[in-house]
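# Summary of the model geometry
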Amino acid sequence: MTDAPPIHPVILCGGSGTRLWPLSRKSYPKQFTPLLGEKSLFQASVRRLSGPGFARPVILTGEPFRFIVLEQLAAIETGAQGVLIEPEGRNTAPAVLAAALWLAARDPEALMLVAPSDHVIPDADTFRAAVRAAAPRAQAGDLVTFGIRPTRAETGYGWLEMAAKADPDAVEPQPLARFVEKPDAARAEAMLAAGNYLWNAGIFLLSVRAVIAAFERHAPDMLAPVRAALEGAEDDLGFTRLDAPAWAGVPENSIDYAIMERADNLAVMPFGAGWSDLGDWQAVWAETGPDGDGNVTSAHATALGCTGSLLRSETDRQELVGIGLRDMIAVAMPDAVIVAPRAESQRVKEAVAALKERGAKQASEFPVDHRPWGWFESLAIGERFQVKRIVVKPGAALSLQSHHHRSEHWIVVQGTARVTVDDEVRLIGENESVYIPLGAVHRMENPGKLEMVLIEVQTGSYLGEDDIVRYEDVYART
């Protein structure tokens, strides 16, 4: 394919991933966490969909994650040709259509490879070869989906029924009969035994011309509002922010329901070199590679007399020890712990729902709050005080702001801070502090080349993060 047009990866990374709670939460979902190895699933996806024959990716994400996306791309020395910000999640069909229209405006003949950002495909070379093998069918106008050769009677995935005489071991796209909903156990066993069914990976290779035509035929009510959202989009600090009022009028639907289950120009590319959507802790246990006793342990977890168990502690301040466990999962975060049989790992979503009903912030809020300028974590909280550790990246600055209900003390423990308090600007070094009175207009900046760390002590009648009046912000937050 040396003379073939490049394939444009379209990476969807706006989901919440609650099935891997407490490590994955709404405020910092699983695609941005290093679940397997040192890089995040998002970073691994970007790397997998790069190299000869691939253009830079188009990323679709939500407002809370836009700077996390850029930061993680920079960490692997990769850029995006576009980052589209969805004002709210409307499922996968509007996202795919927005990406197709965005690409079509730049290249009407473009091929787009739509992929989630949180899947694991260990053999990237074989997967890229499969994508290249599927490209001619996509260029010819077929909607190509990728089907995974099944290894078990899985009830957590949708399946794909191949057409008569199709070869599930083929190395080129095959005719596809239909999409199959997630089955019950008996149906899954029957499909596995039949041999002509594949798992639905949710990965698609499409020409923008063909997919836009498919929307015109099968989901025409989606075209006008998505086009309006793109036409009204604003460029903001390198992002393309889709128009919120227009996007609110887009019907919510998945690409499977809106297009794939209705189209007649379908093909499936079989793939059997290993794949997982890391949909639960059972999958993480399997993909991490259990030891001789069937255990998976993190750096700060110890298994004594355990078999078939996953033990993870996500902080060096908390040691997790399991004794005599059999086929169990134990995952410890600074603010939450889950313990469950591996066979019950699909029920984690029930736990998150129960916490939400109780109003527990751990259901959706991550203990570390990531911001464009760095991150912070709460160390201690009382009725009228809060202590935070704040880390500011080199050259970064917090917004110029004030508070109605709290005053603050800042103590620099690493690096140097440039601090603005009303009309005074000064440098604060290590072991020095500054007081921010209630109502004072203030800003914190890191003028150095290393991370700056400070301890913030807040005191006042209300300490919520929404008690911020912003006057200037280099990150265009409101």
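Quick caveat, the model's predicted, so the values are computed rather than measured.

Further remarks concern the sheet that holds strand β20 (residues 385-392). Strands sit in the order β18-β19-β20-β27-β22-β25 across an open sheet of 6 strands; the sheet is antiparallel. Looking at which strands have only one partner, the edges of the open sheet turn out to be β18 (368-371) and β25 (433-436). This sheet shows a mean twist of 20° between the axes of neighbouring strands, independent of strand direction. Relative to β20, strand β19 (residues 374-381) is paired through 7 bridges, and the arrangement is antiparallel. Looking across to β20, one finds that Phe-376 is bridged to Ile-390.

Once that is clear, we can look at the packing of aromatic side chains. If you walk through the whole model with that rule in mind, you get 11 aromatic pairs. Between the aromatic rings of Tyr-28 and Phe-32, the centroid separation amounts to 6.2 Å while the plane-to-plane angle is 45°, which identifies the pairing as tilted. Grouping residues by exposure puts Tyr-28 and Phe-32 together as buried. Three or more aromatic residues joined by ring pairs form one cluster here, namely Tyr-28, Phe-32, Phe-42, Phe-65 and Phe-366. The ring of Trp-285 has Arg-342 lying over it, and the distance from NZ or CZ to the ring centre is 3.5 Å. The cationic tip of Lys-388 hangs over the ring face of Phe-376; the distance from NZ or CZ to the ring centre is 4.0 Å.

Among the secondary structure elements, His-403 is positioned in the loop between β21 (400-402) and β22 (406-414). For His-403, a relative accessible area of 2% corresponds to the buried category. Reaching out from His-403, the side chain makes a polar contact with the side chain of His-442 at a distance of 3.3 Å. Among the polar contacts listed, one links the side chain of His-403 to the backbone oxygen of Asp-467, at a separation of 2.6 Å. His-403 has contacts with Glu-408, Leu-438, Gly-439, His-442, Asp-467 and Ile-468, leaving out every residue within four places of it along the chain.

It is worth spelling out the pattern of salt bridges at this point. One pass over the full model with this rule turns up 31 salt bridges. Arg-90 is the partner of Glu-252 in a salt bridge, and the nearest nitrogen-oxygen pair spans 3.8 Å. One end of the pair, Glu-252, is in the loop between α8 (244-248) and α9 (255-260); the other, Arg-90, is in the loop between β3 (82-86) and α3 (92-104), with 162 residues separating them in the sequence. In this structure Glu-252 comes out as exposed when scored by relative accessible area, which is 51%. Between Glu-377 and Arg-389 there is a salt bridge; the shortest N-O distance is 2.3 Å. Pair noted here: Glu-377 is in strand β19 and Arg-389 is in strand β20, with a separation of 12 residues, a long-range link. By relative accessible area, Glu-377 is classed as buried at 7%. Each of Glu-63, Arg-66, Asp-236 and Arg-241 takes part in salt bridges that share partners, so that together they form one network.

We now examine the layout of surface pockets. Taken as a whole, the second largest pocket holds about 460 Å³ of empty space. Lining of the second largest pocket is provided by 28 residues; of these, Arg-152, Glu-154, Tyr-157, Gln-282 and Ala-283 occupy positions nearest its centre. Per-element tally for the lining of the second largest pocket: the top contributor is helix α10 (residues 281-288), with 5 residues. Structurally, the lining of the second largest pocket is a two-domain feature, drawing no fewer than three residues from each of domain 1 (7-271) and domain 2 (287-358).

Turning to unusual backbone geometry, a few remarks are in order. Each neighbour pair has its own omega, and for Trp-21 with Pro-22 the value is 10°, a cis peptide bond. When you line up the elements, Pro-22 lands in the loop between β1 (7-12) and α1 (41-48). The phi dihedral of Glu-77 falls on the positive side, at around 55°, and the residue is not glycine. Positionally, Glu-77 belongs in the loop between α2 (66-75) and β3. Given the relative accessible area of 76%, Glu-77 is considered exposed. Its identity is not glycine, yet Lys-165 carries a phi of approximately 70°, on the positive side. Looking at Lys-165, the relative accessible area reads 86%, which means it is exposed.

A few words now on the domain arrangement of the protein. Looking at the protein, the domain boundaries give domain 1 (7-271), domain 2 (287-358) and domain 3 (368-472). Here the C-alpha centre of domain 3 lies 35 Å away from the C-alpha centre of domain 2.

The strand order across the open sheet formed by 4 strands is β12-β14-β16-β17, and the pairing between neighbours is mixed. Only two strands of the sheet have a single neighbouring strand rather than two, namely β12 (296-297) and β17 (337-341). Bridge count between β12 and strand β14 (residues 310-313): 2 bridges; the pairing is parallel. Residue pairing for β14: Thr-297 is matched across the bridge by Leu-311. Most of the contacts of α10 go to β14, to which it runs at about 95°, and overall it touches β12, β14 and β16 (328-332).

Moving on to helix α11 (residues 348-358). Three- or four-residue spacings in an α-helix give side chains the same orientation, since the helix completes a turn every 3.6 residues. What α11 keeps buried is the set Val-348, Val-352 and Leu-355. Along the axis of α11, the buried positions cluster into a sector of 60°, meaning they face one direction only. Its buried side turned inward, α11 meets α10 and β17. Gly-359 lies just past α11 and shows a positive phi near 80°.

For a regular strand, side chains alternate in direction, first toward one face of the sheet and then toward the other. Burial of β20 is extensive: 6 of the 8 residues sit out of reach of the surface. Here β19 folds back onto β20 in antiparallel fashion, the turn holding 3 residues. Bridging between β20 and strand β27 (residues 452-460) involves 8 bridges; their strand directions are antiparallel. Among the inter-strand pairings, Phe-385 is bridged to a residue of β27, identified as Thr-459.

Calculation notes
Residues numbered from 1 in each chain as written. Predicted model: local features only at pLDDT ≥ 70, side-chain atom pairs only at ≥ 80, totals over all residues. Heavy atoms only, no water. Pairing = 2+ DSSP bridges. Helix = DSSP H or I, 4+ residues; strand = E, 2+ residues; numbered from the N terminus. Axes fitted to C-alpha atoms, helices over the stretch in contact; angles between N-to-C directions. Phe/Tyr/Trp six-rings, centres within 6.5 Å; stacked < 30°, edge-to-face > 60°. Buried < 20%, exposed > 50% of the residue type's maximum accessible area, 1.4 Å probe, protein only. Lys NZ or Arg CZ within 6 Å of the ring centre and 35° of its normal. Polar contact = N/O pair within 3.5 Å; in protein donor to acceptor, adjacent residues only side chain to side chain. Contact = heavy atoms within 4.5 Å. Salt bridge = Lys/Arg side-chain N within 4 Å of Asp/Glu carboxyl O. 1 Å grid on protein atoms, 1.4 Å probe; cavity = no way out; pocket = protein on both sides within 12 Å on 5 of 7 lines; lining within 4 Å. Points joined across faces, edges and corners; volume = space filled by probe spheres on them. Domains from an automatic or database assignment. Arc of directions from axis to C-beta.

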